[in-house]
Amino acid sequence: MVGTANNGRMRHAFSVVNSEEVGLNSAPPSNAGSEYGGFEFTREDVYGLLNERMKYKNKFNYKERCENMMDYIKRLRLCIKWFQELEGGYLFEQEKLQNALDFTESKCVEMDLILKNKEEELNLIIVELRKSLASLQEKLSKEKSEKLAALDSLAKEKEARLTVEKSQASLLEEKGKIQGELQSANQRITSVNDMYKLLQEYNSSLQLYNSKLQTDLDTAHENVKRGEKEKAAIVENLCTLRGQFTSLQDQFNSCKVLPMRMMMAVLKATVDEGVKQKDALVNEIASLRAELQQEKCLSQSNQLKTLQDELEATQNKLRVSDLSAFETKTEFEDQKKLISELQNRLEDAELKIIDGEKFRKKLHNTILELKGNIRVFCRVRPLIPEDSPGADGRVISFPTTTEALGRGIDLAQNGQKYSFTFDKVFMPDASQEDVFVEISQLVQSALDGYKVCIFAYGQTGSGKTYTMMGKPGNPEQKGLIPRSLEQIFQTKQSLQSQGWKYEMQVSMLEIYNETIRDLLSTKDSSRAEYGSNGKQYAIKHDANGNTLVSDLTVVDVCSTREVSFLLDQASHSRSVGKTQMNEQSSRSHFVFTLRISGVNENTEQQVQGVLNLIDLAGSERLSKSGSTGDRLRETQAINRSLSSLSDVIFALAKKEDHVPFRHSKLTYLLQPCLGGDSKTLMFANISPDNFSLGESLCSLRFASRVNACEIGTPRRQANMRSFESRLSLG
């Protein structure tokens, strides 16, 4: 009676597992611990079990019917048990879900509170952002107005420049005329002085001649006196003859006894002789008198006439000389006044030229800062005894036109002329003071919160280290680095009265064979001769464009003396060597960094400035330097780093998307200076030696490319001091 259900086919529904169906099919397994564990029912199994009808072969076979019924009851019990366990599982799941719901609701409440707090914070942030947006819009409008003002100032600068150039040209012409007039006046003054000297000499000669005439007059008076004495002697002789005649007459009277003839003859002879002597004496006396009188009169009259004529001529000449001297003196005074007036006008014109040049430089610097160009100064060193024989410096010349004066340089090679124009060109006779005056305002801006970078570029032996460091022991030949530090500390002292307080830190390093060396570290083993086991310093740039070198020694400084001591220490630690082109050649790139932090206690303003002063190693050709061994490796490393610098400049000039700053340590260290928001200036040092003509031309071409690069507008790092920092400082 009892048969197999479904026409004798066995049902395997109790062993079917289908956990992916919905409803009854998706019920979790809940009978794992029961005696029927491992069975699950599907919807079809349950409906099939409930709708199952038993079929028997023999309806009177009660045993079969009982067995089938027991099997059916057993299956029903199994199904009921499964449903109970399923219900328990659902209740457990319901309780679990209820707990999860309660937990989720509590979380939702907490999230609502957090959201409310966040909403309040966001509202505050939105208010602040709106305020900042308003301030930024004001700043934007201000910057736009400043930009318009800058454009207006640019136009005005162009007009002013044209005006200044015209006025400069006119002043130069006037200066030339004034110099010509001054030269002619000086010549006239010289001629008048010569004439005055001649007149003085002639006057002195007349005085000598007058004294000579006076001497001759005295001699004539002496001659007259001598003639009078001779006259007295003749009169005395005549008296003597008369006495002799009287004596002869007496003798005649006494000789009457003699014969008459003898006596007459003797008497006649005596008388004749006496008469003759008398006549001779009378004639002699008359002739002497006549001669004396005539000589005396003639000589005296002639002398007097001559003296009178000479005296009159002398007086006339003296009157003429007095008149000419007075006229000359008057003309000299007029010329002196004219020269003084011309000198005053010349000084005024030179002051106007200087003021115009300062105004032009200021506007030019403003334009360059707005454009963001790298400024380039060119300096030509003077010829030195070590230069090649026959070098006369004629290969380099400086144009004198108004536009290129002080800014242009010409180089001649193989009969071809190359012209370059930079922001400033220093001739060989320019002093260290002249060079520093041009960069003093740029150095000053580091105290105002700007990042400033000045680096010297050029071939070896062109004067880079002299420009940056100067000559030790000679105050007049101090370089840009010590002069910049003196100005920084002097300005720091002067700004204390305005409420500014500054803190300064110094670091110095060199890049030698693509290895960074700390020049202030006393424990740096990398400063050995070959430097293979030294520290590894890493270069890092933060979001604000500041450069940091890990583990680098940083020293707080308060005076110029401290920095000078550190500079001496670094100069003794720097790598130098001897080559055929330079006796003391720098074999590394030297980087001096001064970090400035300032705060104004009156306005609560803070500034952060950086001054980078860099002395690059000189480029050189192996064929000329004759480097071998260590010098050869140094030269190759220097040329590679400078070549990387050239690649960076090329990429910046072409405004390429990728700039290869990471190709060398030097370019990566200079990345904020070449591609950031700093004020950057390059010194292109040039040698006038004919032997270095090719390298000088390469340096000038590189400097022109650098001058054409735009790196962005300099940004001042300034903000207001926070309340916490005021509390910590107060």
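Residues numbered from 1 in each chain as written. Predicted model: local features only at pLDDT ≥ 70, side-chain atom pairs only at ≥ 80, totals over all residues. Heavy atoms only, no water.

Quick look at the overall build of the chain
The cut-off we apply is this: Runs of H or I in DSSP of at least four residues are treated as helices and runs of E of at least two as strands, each being numbered from the N terminus. Each residue gets one of three labels from its accessible area relative to the maximum for its type: buried under 20%, exposed over 50%, partly exposed in between, using a 1.4 Å probe on protein chains only. We call two residues contacting when some pair of their heavy atoms lies within 4.5 Å. Note on areas: Shrake-Rupley with a 1.4 Å probe; residue coverage comes only from the protein chains shown.
Helix and strand content of the chain: 13 helices and 17 strands. Counting across all 730 residues of the chain, residues that qualify as buried make up 35%. Excluding contacts between residues fewer than 6 apart, the proportion of contacts in the chain whose partners are at least 24 apart in sequence is 71%. Working note: accessible area of the chain is about 44,900 Å², and carbon and sulfur atoms make up 54% of it.

Looking at the environment of Pro672
Mapped onto the elements of the fold, Pro672 is located in helix H11 (residues 671–675). The buried category is assigned to Pro672, whose relative accessible area is 12%. Beyond its immediate stretch of four places on either side in the chain, Pro672 contacts His541, Gly545, Thr547, Asp677 and Ser678.

A word on helix H7 (residues 560–573)
The criterion, for reference: Expected span of a helix, by definition, is 1.5 Å for each gap between consecutive residues, and there is one gap fewer than residues. Relevant arc is that of directions from the helix axis to the C-beta atoms, nothing else.
For H7, spanning 14 residues, the distance from its first C-alpha to its last is 20 Å, which sits close to the expected 20 Å at 1.5 Å a residue. Residues of H7 that are buried include every one of Val563, Leu566, Leu567, Ala570 and Ser573, and no others. Buried residues of H7 fall within an arc of 125° about the axis and therefore sit on the same side. Opposite the packed face of H7, turned more than 90 degrees from it, sit the exposed residues Arg561, Phe565 and His572.

Brief notes about the pairing of strand S14 (residues 589–600)
Put simply, the test is: The pairing criterion is simple: DSSP has to find at least two bridges between the two strands.
Judged by how many residues are buried, S14 sits mostly within the fold: ten of twelve residues are covered. Note: strand S7 (residues 500–512) against S14, twelve bridges, orientation antiparallel. The partner of Lys501 across the bridge, within S14, is Val599. Relative to strand S15 (residues 605–615), S14 is paired through eleven bridges, and the arrangement is antiparallel.

Quick notes on the sheet that holds strand S3 (residues 408–413)
The test is simple: Axis definition: a line fitted to C-alpha atoms, over the contacting stretch in the case of helices. Angles run 0 to 180 degrees between N-to-C directions.
Here we have three strands laid out as an open sheet, ordered S2-S3-S4, and antiparallel in their pairing. Both edges of this open sheet fall to strand S2 (396–397) and strand S4 (416–421), since each of them pairs with a single strand only. By the bridge criterion, two bridges tie S2 to S3 in an arrangement that is antiparallel. Residue pairing for S3: Ser397 is matched across the bridge by Asp410. Helix H12 (residues 693–707) contacts S3 and S4 of the sheet and is inclined by roughly 145° relative to S3.

Here we look at a nonpolar patch on the surface
Rule in force here: Patches in this entry comprise residues that are over 30% relatively accessible and not in a salt bridge; like charges within 9 Å are linked, as are nonpolar side chains (Val, Leu, Ile, Met, Phe, Trp, Tyr) within 5 Å. Salt bridges are counted wherever a side-chain nitrogen of Lys or Arg sits within 4 Å of a carboxyl oxygen of Asp or Glu.
Taken together, the side chains of Leu122, Ile125, Ile126 and Leu129 define a hydrophobic patch exposed on the protein surface, amounting to about 350 Å² of accessible area. Mapping Ile126 onto the fold places it in helix H2 (residues 62–254). For Ile126, a relative accessible area of 35% gives the class partly exposed.

Some thoughts on the packing of aromatic side chains
Selection criterion: A pair of Phe, Tyr and Trp rings is counted when the ring centres sit within 6.5 Å of each other, with Trp represented by its six-membered ring. The angle between the planes then sorts it: under 30 degrees is stacked, over 60 is edge-to-face, the rest tilted. Both a distance and an angle decide whether a charge sits over a ring: NZ of Lys or CZ of Arg must be within 6 Å of the ring centre and within 35 degrees of the ring normal.
Taken as a whole and judged by the stated rule, the model has seven aromatic pairs. With 5.9 Å between their ring centres and 75° between their planes, Phe377 and Phe426 make a pair best called edge-to-face. Note that Phe377 is positioned in strand S1 (residues 375–380) and Phe426 in strand S5 (residues 424–426), a separation of 49 residues in sequence. Judged by relative accessible area, Phe377 falls into the buried class, the value being 6%. Members of the aromatic cluster, each reached through a chain of ring pairs, are Phe377, Phe426 and Phe683. Directly above the aromatic system of Phe426 lies the positively charged group of Lys424, at a separation of 6.0 Å from the ring centroid. Between Lys679 and the ring centre of Tyr450, over which it is positioned, the NZ or CZ distance is 4.1 Å.

With respect to unusual backbone geometry
Even without being glycine, Asp551 reaches a positive phi, approximately 65°. Assignment of secondary structure puts Asp551 in the loop between strand S10 (547–549) and strand S11 (555–557). Overall, Asp551 belongs to the exposed group, its relative accessible area being 56%. Here Glu604, not a glycine, exhibits a phi torsion of approximately 60°, which is positive. For Glu604, a relative accessible area of 19% corresponds to the buried category.

Topic: the confidence of the model for the chain
Definition in use: pLDDT: the predictor's confidence for each residue, scored from 0 to 100.
Taken as a whole, the chain shows an average pLDDT of 78; of its residues, 81% reach a score of 70 or greater. In this model, residues 1–37 is a region of pLDDT below 50 whose contacts with residues beyond four sequence positions or in other chains number 84 contacts. Confidence drops under pLDDT 50 across residues 723–730; counting only partners more than four residues distant or on other chains, this segment forms four contacts.

Examining the packing of helix H9 (residues 630–653) against H12
Keep this limit in mind: Roughly parallel covers angles under 35 degrees, roughly antiparallel covers those over 145, roughly perpendicular covers 65 to 115, and oblique covers all other angles. Crossing handedness: left-handed means the near helix sits turned counterclockwise from the far one by under a right angle, and right-handed means the same turn made clockwise. Classes in brief: Ala, Val, Leu, Ile, Met, Phe, Trp, Tyr, Cys and Pro nonpolar; Asp, Glu, Lys and Arg charged; the others, Gly included, polar.
Two elements in contact, H9 and H12, have axes separated by 9 Å at closest approach and are oriented at 40°. With respect to H12, the axis of H9 lies oblique. The handedness of the crossing between H9 and H12 comes out as left-handed. Note on element contacts: H12 touches H9 through Phe702, Arg705 and Val706, opposite Leu645, Ser646, Ile649 and Phe650. Here the contact of H9 with H12 is built from residues that sort into five nonpolar, one polar and one charged.

As for helix H6 (residues 480–495)
The terminal C-alpha atoms of H6 lie 22 Å apart, and with 16 residues this matches the ideal 22 Å at 1.5 Å per residue to within 8%. Burial of H6 is extensive: twelve of the 16 residues sit out of reach of the surface.

Thoughts on the pattern of salt bridges
This model, assessed by the stated rule, comprises six salt bridges. Residue Asp71 is joined to Arg75 by a salt bridge in which the shortest nitrogen-to-oxygen separation is 3.3 Å. Remark: Arg75 and Asp71 occur in helix H2; sequence separation between them is four residues, near one turn of the helix. Of the charged contacts, one joins Lys501 and Glu601 as a salt bridge, the two residues approaching to 3.0 Å between their closest N and O atoms.

Describing the packing of H6 against H7
Packed helices, taken two at a time, are described by the angle their axes make and the gap between the axes. Between H6 and H7, the least distance of the axes is 10 Å, while the angle of their chain directions is 160°. For the element pair H6 / H7, the angle class is roughly antiparallel. The way H6 lies across H7 gives a crossing that is right-handed. In contact with Ile481, Leu485, Glu486 and Phe489 of H6, H7 contributes Thr560, Val563 and Leu567. A class-by-class count of the residues in the contact of H6 with H7 yields five nonpolar, one polar and one charged.

Observations regarding the nonpolar core
Here is the rule: Buried residues of nine kinds, namely Ala, Val, Leu, Ile, Met, Phe, Trp, Tyr and Cys, make up a nonpolar core once their side-chain atoms join them within 4.5 Å.
With 52 residues, the main nonpolar core has Ile409, Phe422, Leu674 and Met682 as its most contacted residues. Ile409 has contacts with Cys378, Val380, Ile396, Ser397, Phe398, Pro399, Tyr418, Ser419, Phe420, Phe422, Val425 and Leu700, leaving out every residue within four places of it along the chain. Residues Ala430, Val563, Leu567 and Phe590 belong to the second largest nonpolar core, which totals 41 residues.

Some thoughts on the environment of Lys352
Counting through the fold element by element, Lys352 comes out in helix H3 (residues 260–371). Expressed as a C-alpha distance, the spacing of Lys352 and Val164, which sit 188 residues apart in the sequence, is 8.9 Å.

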